[in-house]
Amino acid sequence: MERKLLFFPMLCTGIFAFADEPTDTINTQELNAVVVEASNQRTSSTASTYIPMARQKNAAVDAVSLLSQMAIPQLDVDPATQTVKTATGQSVSIFIDYVAATEQDLSGLRTTDVKKVEYLLYPQDPRFRGAQYVVNFIMQKYEWGGYTKINANKWFGVNRSGASVYSKFAYKAMTFDIYADEIYLTDRHTGSASTEIFHFPDLYGKGAQTIERESTPLTSHYRNNSNDVTFRALYSAENVQVSNMLSFNNTSTPRNNSENSLTYANGVLPSSLSKSISSNRSWGLNYDFETYLTLSQNSALNVEAAYRYSQTNSKSDYSEDDLNIINNADEISHYAKITPSLLWNIDEHNSLMPGMHGEYTKSTIDYSGNSPSRQSYDVWGYWAGVRYSHVQEKWSAGTLFGWTYANTNLTGTKIEDN
């Protein structure tokens, strides 16, 4: 069993910030001693509020680890995989000050600024977009200011290291944040032994034959590094939220080489040596837009849109004795989507969410090597419908009505589905 140690140094640098809280003037009077017993939680059938202690904030490095430190009984938190579920295994939607949180928000959260954490069941507030299980971080508010947070980690047992930087600056209703990371991995101990069994109805005129082949790794070399950069501008007021996010991602695998020995049971075929040399690089540019508008106390409009552009270049060279297979591919892909939805809380127990979703994907792949060819596909479709939910204190029910249509064109072959 391989043992691995994980080391997380972290540096968090604060930038001047001013809290948007007024100073009160109170007349004082001498009082007798009073004993106050405080509680760091408040719970009802649909909402629970927890106030993290100072030692929990100081021990946590991000939002998920803070939830783990707080040990909220309704939640199942795994800081290693960065997953948060309910105690019964349901997915949880995470918000920060009523704004849907991204992965960068969770990793860059300044835990010392967390005032309280809310766990909500079927919240009626339209800012939660109809989510069923919600964790909402309530943060210290600043008139203006920000901070920079730097994380670095190193895995022992495997040569992997990474670092990230997250900077956030707020001015009144506007928030700007930027995130960048780098992950490097190299491994010379990849590969696994395998046994394959082939059945031939007639091999070389000798009738049915069964051949067993064993593959044993001899050498390997794998290297990978990835980079992500994200910039977001967020406007957040009581009734309006507008988010614009631009991101760039790059993943490179310059070496993925291996050498295996091949042996055959009963010596039916001579032993041989196989070599595989491959590399891959992909990069993409993404734009995400989201706007939220409160129409009334019980209704809200939400629109999400995104565009993705990506390129992937891969090379593969496999050889075994006199056999040589070369397969290279270059792919260009475009993806776009838009999702408008309306949330209407009819009353305390009933809600409707009519909405639509449309998306389009276009991709072209050019293959070169032993079998050169060009493949392309266009896929577009939409969904339109309405979701109904009924919630009681101890149970809930819901249904979804809708219409789905998809149109696929695979290199001249058209497929329609609805």
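Parameters at a glance
- Residues numbered from 1 in each chain as written.
- Predicted model: local features only at pLDDT ≥ 70, side-chain atom pairs only at ≥ 80, totals over all residues.
- Heavy atoms only, no water.
- Helix = DSSP H or I, 4+ residues; strand = E, 2+ residues; numbered from the N terminus.
- Contact = heavy atoms within 4.5 Å.
- Buried < 20%, exposed > 50% of the residue type's maximum accessible area, 1.4 Å probe, protein only.
- Polar contact = N/O pair within 3.5 Å; in protein donor to acceptor, adjacent residues only side chain to side chain.
- Pairing = 2+ DSSP bridges.
- pLDDT = per-residue confidence, 0-100.
- Salt bridge = Lys/Arg side-chain N within 4 Å of Asp/Glu carboxyl O.
- Patch = residues over 30% accessible without salt bridge, like charges linked within 9 Å, V, L, I, M, F, W, Y side chains within 5 Å.
- Areas by Shrake-Rupley, 256 points an atom, 1.4 Å probe, with all protein chains shown as cover.

Asker: Just to check I follow, could you spell out the environment of Ser 276 for this structure?
Answerer: Tracing the sequence through the fold places Ser 276 in strand E17 (residues 272-296). Sequence spacing of Ser 276 and Ile 326 is 50 residues, and the spatial spacing of their C-alpha atoms is 10.0 Å. Residues within four places of Ser 276 in sequence aside, it is in contact with Asn 256, Asn 257, Ser 258, Asp 317 and Tyr 318.

Asker: What's the story with helix H2 (residues 63-70) in this structure? I'm lost.
Answerer: Residues lying three or four places apart along an α-helix face the same way, a consequence of the helix completing one turn every 3.6 residues. For H2, the tally of buried residues reaches six of eight residues, placing the bulk of the element in the interior. Put simply, Asp 62 is the residue that caps the front of H2, since its side-chain oxygen is 3.3 Å from the backbone nitrogen of Val 64. One or two residues past the end of H2 sits Ala 71, with phi positive at roughly 50 degrees.

Asker: What's the story with the pairing of strand E9 (residues 114-121) in this structure? I'm lost.
Answerer: Strand direction decides the pairing type here: strand E4 (residues 47-50) and E9, joined by four bridges, are antiparallel. If you follow Tyr 50 over to E9, its bridge partner there is Val 117. With seven bridges joining them, E9 and strand E10 (residues 133-139) adopt antiparallel strand pairing. Note on E10: the bridge partner recorded for Val 114 is Met 139.

Asker: So what exactly am I meant to see when it comes to the confidence of the model for the chain here?
Answerer: Confidence in the prediction for the chain averages 86 pLDDT; 90% of positions are at 70 or higher. Note that pLDDT drops below 50 for residues 1-38; the model gives that stretch 58 contacts with residues more than four away or on any other chain.

Asker: Please explain the pattern of salt bridges as it appears in this structure.
Answerer: Working definition: two side chains of opposite charge can pair if their charged atoms are close together. Under the counting rule described, the total for this entry stands at eleven salt bridges. A salt bridge links Arg 232 to Asp 177; the shortest N-O distance between them is 2.9 Å. Placement of the pair is Arg 232 in strand E15 (residues 209-236) and Asp 177 in strand E13 (residues 174-187), with a sequence separation of 55 residues. The exposure class of Arg 232 is buried, given its relative accessible area of 7%. Notably, a salt bridge pairs Glu 259 with Lys 275, separated by 3.8 Å at the nearest N-O pair. Note that Glu 259 is positioned in strand E16 (residues 240-264) and Lys 275 in strand E17, a separation of 16 residues in sequence. The class of Lys 275 is partly exposed, set by a relative accessible area of 40%.

Asker: Just to check I follow, could you spell out a nonpolar patch on the surface for this structure?
Answerer: There is a patch of nonpolar side chains on the surface, built from Phe 169, Tyr 171, Phe 176, Ile 178, Val 229, Phe 231, Leu 246, Phe 248, Leu 285, Tyr 287 and Tyr 307 and spanning about 950 Å² of accessible area. Looking at the nonpolar patch, the elements with two or more residues in it are strand E12 (159-171), E13, E15, E16 and E17. Here Val 229 is to be found in strand E15.

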